[in-house]
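Observations on the model geometry
Below are the chains, spelled out letter by letter.
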Amino acid sequence: MSSYKNKDYHEIDGKDSFVLPGFVSGHTHLYSTFARGMNSSFNPENFMDILKQLWWKLDYFLDEDDIYFSALMGGLDQLKCGTTTLFDHHASKLVKKSLEKIRKALIDDLNIRAILAFETSDRFNVMDAINENSNFIKNNHNDKVSGLFGMHASISLSDSSLKEIKDNLGNEGIHIHVAESIMDEEDSLIKYGMRVVERLDKFGLINDKSLLVHCTHIDDFEMDIIKKRNATIAINVTSNLNNAVGISNVKKFLDKGIRVIAGNDGLIQSQAFEYLNIFYLGHLKEKSPTGFSLDNVLTIINNTYDYINMLLGTKLGSISVNSEADLLLVDYNNYSTVNENNVFGHIFYGTFPCFKPRVVIASGNVLIENYKIEKNELNQLYIEALSQAEKLWDRIKKEGENIEFKY
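These numbers were taken from a predicted model, which means no experiment stands behind them.

1. A word on the sheet that holds strand E7 (residues 145-147)
Taken together, the 4 strands give an open sheet; going across it, the order is E4-E5-E6-E7, and neighbouring strands pair in parallel fashion. The open sheet terminates on both sides in strands that have one partner only, identified here as strand E4 (23-28) and E7. Sheet twist, expressed as the average angle between the axes of neighbouring strands with direction ignored, equals 15 degrees. Sheet topology places strand E6 (residues 113-118) next to E7; 3 bridges connect them, and they run parallel.

Rendered as structure tokens:
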């Protein structure tokens, strides 16, 4: 039971609990939040059909309120599962000031941390998207929020668009899908005579801040470029399973010394669930029950903290003096010995399969206690979010079948 001792201290009973640093989602799409339960025509035969029939149709009809409430509800869902920092990759027909809507939802109203980016692509006005990224990065850089330069994927960006991005990038890092599907590599080879990572590197777009997402179908040559540029790969294994696009060579990435972090691609709320799938799919990919270890998973978790700390100038991921107070309390009654040599095994096998923190703290603020959201007004916004989702679905149902995408 918690009690207020005085105006300066809030006491929380941590008996029979693990105290952990808050999770970081290394890649998510909060604009996808209102897709849950949506009934729309969907019969994809390949990955491009998934984009055209679902995601590009959804982001086409988002209005300003949809963008805000998608970020708020999606962020809140992940917060309940222990994620206190998000790398969001946004797309919407409404480009200008869209990242500020997301910033308000996540930073101002939820009080969590975020790295935001807008997906520049030839689907949108390229200069508007470039300016949206540039302006946000310029105006938002502190220990709570910053930006990366968002790009959708090689398949939706012409050479002229890549040149415009490079001309406006400066020293910032990009946030882009890379070879999520084999179609991205095939498109680059057919149109440009080179693979995706080589093409991005040709334009000087990959640096030590850059975040390359998925990398499901990159080859050794591309891996070597990524390592040379000290860029980061964000894997999203559950989403790759859902889209049937393949399993990334995560162990090979790690063995080459590439920094690998983990996101959820907007599909699931639980980062712990993502770590479980990384581990077990690592066994499948390596064709060995010992081919991918808990130490590999822990490396990915620590890499995620290292990367976010580089971008925000924080000390997330540790529980020590002067570290950020982004903390989780997770109930755990151990029936076998816990010590410094096996503690991560207890956390992984004992809490991750049904991970739900009892307490979530971000920047020293108690956001969830006894599984309940402390900010009552957030609970009341669920009704408004429901109304927004219904209006969005109605627009898509009435007008969505007539939308044609050129890719």
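2. What about the packing of aromatic side chains?
Each aromatic ring pair is summarised here by two numbers: the centre-to-centre distance and the angle between the ring planes. Inspection of every chain in the model, using the stated rule, returns 18 aromatic pairs. With a centroid separation of 5.1 Å and 75 degrees between ring planes, the pair formed by Tyr60 and Phe61 is classed as edge-to-face. Grouping aromatic residues by their ring pairs yields a cluster made of Phe23, Tyr275, Phe279, Tyr280, Phe344, Phe348, Tyr349, Phe352 and Phe355. Sitting over the ring of Tyr192, Arg199 keeps its end group 3.6 Å from the ring centre.

3. Points about empty space enclosed by the protein
Summed over the entire model, instances satisfying the criterion amount to 2 cavities of 30 Å³ or more. Its boundaries defined by the atoms lining it, the largest cavity holds a volume of some 60 Å³. Around the largest cavity, the lining is made up of 13 residues, and of these Ile247, Ser248, Val250, Leu281 and Gly282 lie nearest the centre. Those elements giving two or more residues to the lining of the largest cavity turn out to be helix H10 (250-255) and helix H11 (271-286). Broken down by element, the lining of the largest cavity gets its largest block of residues, 6 residues, from H11. Here the lining of the second largest cavity is built from residues that sort into 4 nonpolar, 4 polar and 1 charged.

4. Some details on the side chain of Asn309
With respect to the helices, strands and loops of the structure, Asn309 is situated in helix H12 (residues 294-312). Classification of Asn309 as buried rests on a relative accessible area of 15%. In this structure, Asn309 is in contact with Thr314, Lys315 and Leu316, ignoring residues within four places of it in sequence.

5. Observations regarding the pattern of salt bridges
Applying the stated rule across the entire model yields 21 salt bridges. A salt bridge links Glu64 to Lys101; its shortest N-O distance comes to 3.7 Å. Of this pair, Glu64 sits in helix H2 (residues 64-80) while Lys101 sits in helix H3 (residues 98-109), and the two are 37 residues apart along the sequence. A relative accessible area of 30% places Lys101 in the partly exposed class. Salt-bridge contacts for Glu222 lead to Arg195; the nearest nitrogen and oxygen are separated by 2.8 Å.

6. Brief notes about the state of the cysteines
What the rule picks out here adds up to 0 disulfides. In this structure Cys81 is a free cysteine whose sulfur lies 11 Å from that of Cys354, the closest cysteine sulfur available.

7. Quick word on the layout of surface pockets
Looking at the largest pocket, its volume works out to about 690 Å³. Contributing to the lining of the largest pocket are 36 residues, with His29, Ser32, Trp55, Ser239 and Asp265 lying nearest its centre. Those elements that provide at least two residues to the lining of the largest pocket are helix H1 (47-60), H2, strand E8 (149-153) and helix H9 (237-242). Here the element with the most residues in the lining of the largest pocket is H1; it accounts for 8 residues. Tallied by class, the residues present in the lining of the largest pocket amount to 15 nonpolar, 14 polar and 7 charged.

8. Digging into the environment of Ser210
Mapping Ser210 onto the fold places it in the loop between helix H7 (196-202) and strand E10 (211-214). A relative accessible area of 0% places Ser210 in the buried class. The sequence separation of Ser210 and Asn171 amounts to 39 residues, and the corresponding C-alpha distance is 10 Å. Not counting residues up to four positions away in its chain, the partners in contact with Ser210 are Gly173, Ile174, Leu205, Ala231, Thr232 and Tyr307. Reaching out from Ser210, the side chain makes a polar contact with the backbone oxygen of Leu205 at a distance of 3.4 Å. Polar contacts involving the side chain of Ser210 include one to the main-chain amide nitrogen of Asn207, which spans 3.0 Å.

9. Notes on the pairing of strand E9 (residues 174-178)
The buried fraction of E9 is high, at 5 of 5 residues. Side chains Ile174, Ile176 and Val178 project from E9 onto one buried face, and the interleaved His175 and His177 project onto a second face that is buried too. Bridge count for E8 against E9 is 4 bridges, and the pairing is parallel. Across the sheet, the residue bridging to Ala153 is His177, located in E9. Each parallel crossover has a hand, and for E8 linked through helix H5 (residues 159-169) to E9 it is right-handed. Note: E9 against E10, 4 bridges, orientation parallel. Across the sheet, the residue bridging to His177 is Val213, located in E10.

Cut-offs and rules
- Residues numbered from 1 in each chain as written.
- Predicted model: local features only at pLDDT ≥ 70, side-chain atom pairs only at ≥ 80, totals over all residues.
- Heavy atoms only, no water.
- Pairing = 2+ DSSP bridges.
- Helix = DSSP H or I, 4+ residues; strand = E, 2+ residues; numbered from the N terminus.
- Axes fitted to C-alpha atoms, helices over the stretch in contact; angles between N-to-C directions.
- Phe/Tyr/Trp six-rings, centres within 6.5 Å; stacked < 30°, edge-to-face > 60°.
- Lys NZ or Arg CZ within 6 Å of the ring centre and 35° of its normal.
- 1 Å grid on protein atoms, 1.4 Å probe; cavity = no way out; pocket = protein on both sides within 12 Å on 5 of 7 lines; lining within 4 Å.
- Points joined across faces, edges and corners; volume = space filled by probe spheres on them.
- Nonpolar A, V, L, I, M, F, W, Y, C, P; charged D, E, K, R; others polar.
- Buried < 20%, exposed > 50% of the residue type's maximum accessible area, 1.4 Å probe, protein only.
- Contact = heavy atoms within 4.5 Å.
- Salt bridge = Lys/Arg side-chain N within 4 Å of Asp/Glu carboxyl O.
- Disulfide = S-S within 2.5 Å.
- Polar contact = N/O pair within 3.5 Å; in protein donor to acceptor, adjacent residues only side chain to side chain.
- Right-handed = clockwise from strand over helix to strand, strands pointing away.

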